[in-house]
Amino acid sequence: MFLKKVLASAAVIATVALSTTSALALTVGFSQIGSESGWRAAETTITLQQAKDRGIDLKFADAQQKQENQIKALRSFIAQGVDAIFVAPVVATGWDSVLKEVKEAGIPVILLDRTIDSSDDLYLTAVTSDFIFEGSVAGKWLVDAVDGKECSVVELQGTTGSAPAIERKEGFEQGLAGSKVSIIRSQTADFTRTKGKEVMESFLKAEGGGKNICALYAHNDDMAVGAIQAIKEAGLKPGSDILVVSIDAVPDIFKAMMAGEANATVELTPNMAGPAFDALDAFLKDGTLPPKWIQSESRLYTKDDDLQAIYDLKKDLGY
Amino acid sequence: MNSLKRYAPQLTTLAIVLLLNYLVFPDFFKIEIANGKLYGTLIDVLNRGAPVALLCVGMTLVIATKGIDLSVGAVMAICGAVAASTVDSGGGVFMALSLALLAGLICGIWNGVLVSVLNIQPIIATLILMVAGRGIAQLITEGAILTFNDEGLIFVGSGSIFSIPMPILIWIAVGIIVTFIVRRTALGMLIESIGINQRASTFSGVNARVLLILVYAVSGLCAALAGTIAAADIRGADANNAGLWLELDAILAVVVGGTSLLGGRFTLIGSLIGAMIIQSINTGILLSGFPPEFNLIIKAAIIVIILVIQSPALQSKYIEYRDRRETGKTPVGKDAAS
């Protein structure tokens, strides 16, 4: 009787163990920076979603903006014997020793949305956006939108000296090259709505009440949202009197586009995990080495897209 | 006349900064009415300067007691978030304003209790809320920018009465009311006495403990108004960026306005002029069209010059020089002595 019971329970345990191992075919550790911005919250949501859809067991670690927390997380992932590690590195330096430990443990590492200064044989690949490309998409859209006619643009820059500000400016200028569209004023608004509004107010005053301005280019959507209010308060129509193009594609800019107050936005996709999982699958299946840099998609959204649908999709991602 | 003379250094500085602005942008003093509202760069200075001007009112009183309030920027973020989430969940503008003011009051009293009851140094006591406050604000907005469409609350930030934008009316009203209260009663003098020597004033019967809590509470209330205006202005509460570094601008405005960080004598009107000097510099830089890399250098250079001109060492040299010249011509007059 007793023996029967033991055997039965052993069988139950065995089946449970078997089913768990088969369901959790792949375990991936993900060390996220934190949740300092809406975009990052959306990235976390999408990464968790992607893992769930693919039946991957994702071990999530929030580093709260600290590199030492990320290093600890990486070491604990090694101890847990995960199959792969995703890292969104908070800083570019200081990764050599921990990544060597990961490499010795034979675990592939994929960097998400930021790169590091270490030698590139310490990681499998990096999935990041190309800020220069984003800027050039915005610039080319504007040149097309004004049919190659003359157009004076005011530019709201991101935080002075930051990589997105420098590269989105450079890319936009590349996009304008050879056209009659030119930047007449450019000032930083620190990526914030308040500054976006304040700086736009001064642009409007400085350029004849806005009569000389044909378009606004903002390095992120938040500054554009602030600037749109300044344009309205000056008695002009954003979207028609002054064209508005910005980058990021956060939900609020879709609201503005639906109201006809913004014209275009280039998406900084929060889906860095999708391409990362694809590269990892191919690598684990037959050892295909991905390129060292995978560029994430930078899609352009205009009024021709189904804005309501995209807004509905984005509004619950945690932006 | 006498009072004007007292503010002569601040008013001269303001005039010079405004003149500089006029030189880089000739339409600087042009004011017209657009959409039933005063419209012009000078109006922008008064309007954009509202948050710092409001913070200055509370900060001046705190600094007069030899204290400092580093938390005002974070309190702005908290109160803006409270106001936004109130209208977001169906409350009206009055409810939003009251709750925001209540939140500011609680933050202020917290700082006041730390400083006066627990005797923690003000810079450390208020640093706690400066760091933690933004986290509290993020909890309220759940990390995102909380946007709203409540016309009543938006009116606080971008509406106008008699064509004058609301933020301007609010900071001028608060400035007048607080000045009236502290100068028409003995309150101002009692605050100054705490700043000069807290123990001596306690021995002579001043209730320093209550007064200290009071000045930090006023600072919290001012920050609450500033935070509500900042949120209403952009129709959203941005917990990460609302009021960021504004505590430093407020302290600077108080110092430029002629109140010493060592406590004691204070001038609210001077601080408000100081706030306008700083905003004029900011607006001037935006209008000048220089590349943004120069913004901070220009601002720093102008402020260094202002502070050097106002420095006690230079002032006493100037008075010495003037006295020597005047005694050469005429006997020492009343003016030369002042």
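The rules behind each value
Residues numbered from 1 in each chain as written. Chains lettered and ligands numbered in written order. Predicted model: local features only at pLDDT ≥ 70, side-chain atom pairs only at ≥ 80, totals over all residues. Heavy atoms only, no water. Helix = DSSP H or I, 4+ residues; strand = E, 2+ residues; numbered from the N terminus. Buried < 20%, exposed > 50% of the residue type's maximum accessible area, 1.4 Å probe, protein only. Contact = heavy atoms within 4.5 Å. Areas by Shrake-Rupley, 256 points an atom, 1.4 Å probe, with all protein chains shown as cover. Lys, Arg positive; Asp, Glu negative; His and termini not counted. Charge placed at Lys NZ, Arg CZ, Asp CG, Glu CD. Pairing = 2+ DSSP bridges. Right-handed = clockwise from strand over helix to strand, strands pointing away. Axes fitted to C-alpha atoms, helices over the stretch in contact; angles between N-to-C directions. Parallel < 35°, antiparallel > 145°, perpendicular 65-115°, else oblique. Nonpolar A, V, L, I, M, F, W, Y, C, P; charged D, E, K, R; others polar.

Peer 1: Describe in detail the overall build of chain B, supporting the description with residues and values.
Peer 2: Counting its regular elements, chain B contains 17 helices and six strands. Based on the C-alpha atoms only, the size of chain B along its principal axes is roughly 75 × 55 × 40 Å. Counting all 338 residues of chain B, 50% fall into the buried class. Residue pairs at least 24 apart in sequence account for 75% of intrachain contacts in chain B once pairs closer than 6 positions are excluded. Surface summary for chain B: the accessible area is close to 15,900 Å², and the carbon and sulfur share equals 70%. A distance of 15 Å separates the average location of the 20 positive side-chain charges in chain B from that of its 18 negative side-chain charges.

Peer 1: Just give me the short version of the pairing of strand β4 (residues 109–112) of chain A, but keep the residues and values in it.
Peer 2: Residues and elements named next belong to chain A. Of the two faces of β4, the one lined by Val 109 and Leu 111 and the one lined by Ile 110 and Leu 112 are each fully buried. Bridge count between strand β3 (residues 84–87) and β4: three bridges; the pairing is parallel. Across the sheet, Ile 85 pairs through a bridge with Val 109, a residue of β4. For the crossover that starts at β3, traverses helix α4 (residues 96–104) and ends in the parallel β4, the hand is right-handed. Relative to strand β5 (residues 125–128), β4 runs parallel, the two being bridged by three bridges. Across the sheet, residue Ile 110 finds its bridge partner in β5, namely Thr 125.

Peer 1: Describe the packing of helix α10 (residues 187–196) of chain B against helix α12 (residues 208–234) of chain B, naming the residues involved and giving the relevant values.
Peer 2: All names here are of chain B. Taken N-terminus to C-terminus, the directions of α10 and α12 make an angle of 105°; their axes are 11 Å apart at the nearest point. Regarding the angle of α10 to α12, the classification is roughly perpendicular. Together, Leu 187, Leu 190, Ile 191 and Ile 194 of α10 and Ala 208, Leu 211, Leu 212, Leu 214 and Val 215 of α12 make up the contact between the two elements. Split by residue class, the contact of α10 with α12 holds nine nonpolar, no polar and no charged.

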